[in-house]
Amino acid sequence: VLRCLGIPTRVITNFNSAHDKNLNLSIDKYIDVSGNNLHLSEDSVWNFHVWNESWFVRKDLGSFYDGWQVLDATPQERSKGIYQCGPASTRAIKEGDVDLDYDSPFVFAAVNADCVTWIRYSKKRKERIYSDTRKIGKFISTKAVGTNARVDVTANYKYPEVKEISFKISYSQYKNSLRDDRKILVTAV
């Protein structure tokens, strides 16, 4: 319909798409001390989810948020009392501006939530035992114009994941330069 009105629109597919039911920006799994799933969260991760993007000027949010906007024609949650999702600025999603209207927190979680596993010892005590910050929002894609090729638009939604680098520093090699009042900062590029 939006294309018929002359508004640029495209279909987007997000693989490993989070469904953050409680809007805490994480997908939570609870287990007991024996490792049994407690089914306390309605959060889930879908193999993929599809939505639309349309190109809008955002006078309501400011020109910083102009550009591609997420519109989900198949929302699974109520927003302001009705089933709707968007228009959420992809720029807001990438920048983590989850305090904006139009379902920005829900879309942010769909592409960038952490998957967290908790041990629940009692109703009042739980402990985070695992967090995966890279699982959600993979190969966010659209179809190329004039061909069936896939165009990766992940960079429109999130910054590249930081790669962890493991290394060892021999204490004996640096012990003379270490002092209690100094800290070592190692930066890898």
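If you're wondering where the values come from, they're calculated on a predicted model, not measured in any experiment. (Residues numbered from 1 in each chain as written. Predicted model: local features only at pLDDT ≥ 70, side-chain atom pairs only at ≥ 80, totals over all residues. Heavy atoms only, no water.)

## Quick word on the pattern of salt bridges
Item 1. Taken as a whole and judged by the stated rule, the model has five salt bridges.
Item 2. Here Glu 42 makes a salt bridge to Lys 21, at a shortest N to O gap of 3.5 Å. On the criterion of sequence distance, the pair formed by Glu 42 in the loop between β2 (26-31) and β3 (44-56) and Lys 21 in the loop between β1 (9-19) and β2 is long-range, its members being 21 residues apart. (Salt bridge = Lys/Arg side-chain N within 4 Å of Asp/Glu carboxyl O. Helix = DSSP H or I, 4+ residues; strand = E, 2+ residues; numbered from the N terminus.)

## Topic: the sheet that holds strand β9 (residues 126-132)
Item 1. One open sheet holds the three strands; their spatial order is β2-β8-β9, and the pairing between them is mixed. The sheet is open, and its two edges are formed by β2 and β9, each paired on a single side. Averaged over all neighbouring strand pairs, the angle between strand axes comes to 25 degrees, with direction disregarded. (Pairing = 2+ DSSP bridges. Axes fitted to C-alpha atoms, helices over the stretch in contact; angles between N-to-C directions.)

## A few points about helix α2 (residues 104-112)
Item 1. Taken across its nine residues, α2 has eight buried, putting it largely inside the fold.
Item 2. When we look at burial in α2, the residues that qualify are Ser 104, Pro 105, Phe 106, Val 107, Phe 108, Ala 109, Ala 110 and Val 111. (Buried < 20%, exposed > 50% of the residue type's maximum accessible area, 1.4 Å probe, protein only.)

## Looking at the confidence of the model for the protein
Item 1. Per-residue pLDDT for the protein averages 85, and the proportion of residues at 70 or more is 83%.
Item 2. Confidence scores differ between elements of the protein, with helix α4 (residues 171-174) showing the lowest mean pLDDT of 55 and strand β11 (residues 150-152) the highest of 97.
Item 3. This stretch, residues 177-185, has a pLDDT under 50; its non-local contacts, to residues over four places away or in other chains, come to three contacts. (pLDDT = per-residue confidence, 0-100. Contact = heavy atoms within 4.5 Å.)

## Some remarks on the sheet that holds β1
Item 1. Here six strands make up an open sheet; going across it, the order is β7-β4-β3-β1-β10-β11 and the pairing antiparallel. Lying at the two open borders of the sheet, with one neighbouring strand each, are β7 (88-89) and β11.
Item 2. As defined by bridge partners, strand β4 (residues 67-71) adjoins β7 across two bridges and the pair is classed as antiparallel. Each residue of the ladder has a partner; that of Gln 69, found in β7, is Ser 89.
Item 3. Contacting β1, β3, β4, β7 and β10 (138-143), α2 crosses the sheet at an angle of about 70 degrees to β1.

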